[in-house]
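Geometric and topological summary
Each chain is listed here by its residues.
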Amino acid sequence: MLLGGALAGILIVAVGSQGRSAEPCPQGCQCSIPPSTASSPCKVDLTCVGQSSFPDFATGVPTGTDCVLISAVKPVETSVDEKRRLLSGIPSDVLSLNLEFASLGAGDGLPPKAFGRFDKLRTLLMEFNQLRSLPPDTFTGATSLRTLWLTGNHISPDESLYRRARRHQNKITSLPAGLFNGLSQLRVLLLHHNRITSLPLGLFEDTTKLSVLKLLDNDFEPKLKRKDPVFAPLLAESRAPRCPRGEPSDGLCLQLDLREDSGDDLEDIWDYYRVSLASEDEVDAVNGKTVPRDARRDDGEEEEDEEEDDQNDEGSRDDL
């Protein structure tokens, strides 16, 4: 049975409470259409988990695939060409790309312009990829990107995932100037728990829509301060105001986390109102709203108490 409209070309082969399967689907992966009652904003999911190598997309993917998850790929010294092949098989009009535990940083790292094809991509998750560095043009062309996760290891030792997370954790040490050029729609940027030592001036020149920027738990020397010139484009008078210290953003203020994690309320709002992959206007319409407490994600992090001298370099009004 073929569906018309946006899902034309998808063959429905099964019906269940978890959604309907769709073909063609790469070997070892699952392709499905979530039920209309699901909270997922995706129309067609492609999920590849626990494979010994990158999936082979030569057989094709379902038409209309807008959400792709490739995770738990066996860590190998994979060539740049092999990673380029993987990324070239993913539909260029995908909206959400989850590449956690995909070993993209192993071997020679990412290929140049790794995500340049994805000009409609809204969400990109790249936690636990053994990343140490990023080519300057990694995101060149991904002009619709709204949420970018480049987090290091935030899993605590008492969690079952800790040992694997430690093996795959990102340890980014530096960010090249121009890395985020052209990302004018970026609103959430997570860089915490890495080993970044400094930020090049002009790094945030084009990301003036940022509402959440997390930089805590890095190796900055000297310590970052909100008055540092690198943050000037984000703190200009024409921009939204800063969120009160320690409070999360609701989309109407800038959450700049340098010492402690203020939470993930903005992404909770987008998830609750199912706009995380929607248009800019739809996102703007829900910013500032609240969500029920039981609808919030329960993965907030409690950082160690700030050192006393943080009050001098972060808390003082005269120093901001």
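For the structure itself, look to the data block above.
Our subject in this report is the structure included herewith. (Residues numbered from 1 in each chain as written. Predicted model: local features only at pLDDT ≥ 70, side-chain atom pairs only at ≥ 80, totals over all residues. Heavy atoms only, no water.)

**Concerning the side chain of Asn170**
The criterion, for reference: Secondary structure elements are defined from DSSP: runs of H or I of at least 4 residues count as helices, runs of E of at least 2 residues count as strands, and each element is numbered from the N terminus. Distance and chemistry together define a polar contact, namely a pair of N or O atoms within 3.5 Å, with one atom able to donate a hydrogen and the other to accept it when in protein, and with adjacent residues in sequence counting only for side-chain atoms on both sides.
Structurally, Asn170 is set in the loop between helix 2 (162-168) and strand 9 (188-190). Engagement of the side chain of Asn170 in a polar contact is seen with the backbone nitrogen of Gln130, the distance being 3.3 Å. Side-chain polar atoms of Asn170 contact the backbone nitrogen of Leu131, separated by 3.1 Å.

**Points about helix 1 (residues 80-89)**
For clarity, the cut-off: Throughout this description, buried means an accessible area under 20% of the type-specific maximum (1.4 Å probe, protein chains only), exposed means over 50%, and partly exposed covers the range between. Each C-beta atom gives one direction from the helix axis, and the arc is the one those directions make. It only takes one pair of heavy atoms within 4.5 Å for two residues to be counted as in contact.
Residues of helix 1 that are buried include every one of Val80, Lys83, Leu86 and Leu87, and no others. The arc that holds the buried residues of helix 1, viewed along the axis, is 120 degrees, so those residues lie on one side. Residues of helix 1 that are buried make contact with strand 5 (67-71).

**Here we look at the pattern of salt bridges**
What counts is decided by this rule: The salt bridge definition used is simple: a Lys or Arg side-chain nitrogen within 4 Å of an Asp or Glu carboxyl oxygen.
Taken as a whole, this structure holds 10 salt bridges when the rule is applied. Linking Asp261 and Lys214 is a salt bridge whose minimum nitrogen-to-oxygen distance equals 2.8 Å. Of this pair, Asp261 sits in the loop between strand 11 (255-257) and helix 3 (265-272) while Lys214 is found in strand 10 (residues 212-214), placing the two residues 47 residues apart along the sequence. We note that Asp261, like Lys214, is buried. For Lys214, the salt bridge identified is with Asp264, shortest N-O distance 2.7 Å. Residue Lys214 is found in strand 10, and its partner Asp264 is found in the loop between strand 11 and helix 3; the two are separated by 50 residues along the sequence. Owing to a relative accessible area of 13%, Asp264 belongs among the buried residues under this scheme.

**Here we look at helix 3**
All of the buried residues along helix 3 are Leu266, Glu267, Asp268, Ile269 and Trp270. Those residues of helix 3 that are buried lie in contact with strand 8 (147-149), strand 9, strand 10 and helix 4 (280-286).

**Observations concerning the packing of aromatic side chains**
Defined as follows: Note on aromatic pairs: the rings of Phe, Tyr and Trp (six-membered ring only in Trp) are paired at centre separations within 6.5 Å, and the planes decide the class, stacked below 30 degrees, edge-to-face beyond 60, tilted for the rest.
Counting across every chain of the model gives 7 aromatic pairs. Seen in terms of ring centroids, Phe101 and Phe128 are 4.6 Å apart; in terms of plane orientation they differ by 10 degrees. Their pairing is stacked. With Phe101 in the loop between strand 6 (96-98) and strand 7 (123-125) and Phe128 in the loop between strand 7 and strand 8, this pair connects stretches of sequence that are 27 residues apart. Like Phe101, the residue Phe128 is buried in the burial classification. With a centroid separation of 6.4 Å and an interplanar angle of 10 degrees, the aromatic rings of Phe180 and Phe204 are classed as stacked. Here Phe180 is found in the loop between helix 2 and strand 9, whereas its partner Phe204 is found in the loop between strand 9 and strand 10, with 24 residues between them in sequence. The same class applies to Phe180 and to Phe204, which are both buried. Counting every residue linked through ring pairs, the aromatic cluster contains Phe115, Phe118, Phe139, Phe180, Phe204 and Phe231.

**Some remarks on the pairing of strand 3 (residues 30-33)**
This is how the line gets drawn: Between any two strands, at least two bridges found by DSSP are needed for them to pair.
Alignment of strand 2 (residues 20-23) against strand 3, held across 2 bridges, turns out to be antiparallel. In the strand pairing of strand 3, Arg20 is matched with Ile33. Between strand 2 and strand 3, which pair antiparallel one after the other, the connecting turn spans 6 residues, and Gly28 there sits at a positive phi close to 85 degrees. Taken together, the 3 bridges between strand 3 and strand 4 (residues 45-49) define a ladder with antiparallel strand orientation. Counted as the bridge partner of Ser32 is Asp45 from strand 4.

**A short note on the state of the cysteines**
To keep things clear, this is the line we draw: Two cysteine sulfurs form a disulfide in these notes if their separation is within 2.5 Å.
By the definition in use, this model includes 4 disulfides. Through a disulfide, Cys25 is tied to Cys31; the S-S separation comes to 2.2 Å. Looking along the S-S bond of the Cys25-Cys31 disulfide, the torsion reads about 85 degrees, which is the right-handed sense. A residue is classified by how much of its surface remains accessible, and Cys25, at 23% relative accessible area, is partly exposed. Relative accessible area serves as the criterion here: at 5%, Cys31 is assigned to the buried category. Two residues, Cys243 and Cys253, share a disulfide whose sulfurs are 2.1 Å apart. Between Cys243 and Cys253, the S-S dihedral sits near 90 degrees, and the bridge is therefore right-handed. Taken together, the positions of Cys243 in the loop between strand 10 and strand 11 and Cys253 in the loop between strand 10 and strand 11 put the pair 10 residues apart, joining distant regions of the chain.

**Examining the environment of Ser32**
Residue position: Ser32 is located in strand 3. When the C-alpha positions of Ser32 and Lys43 are compared, they lie 8.6 Å apart, and in sequence the two are 11 residues distant. What Ser32 contacts, discounting residues up to four positions off in sequence, is Arg20, Ser21, Ala22, Lys43, Val44 and Asp45.

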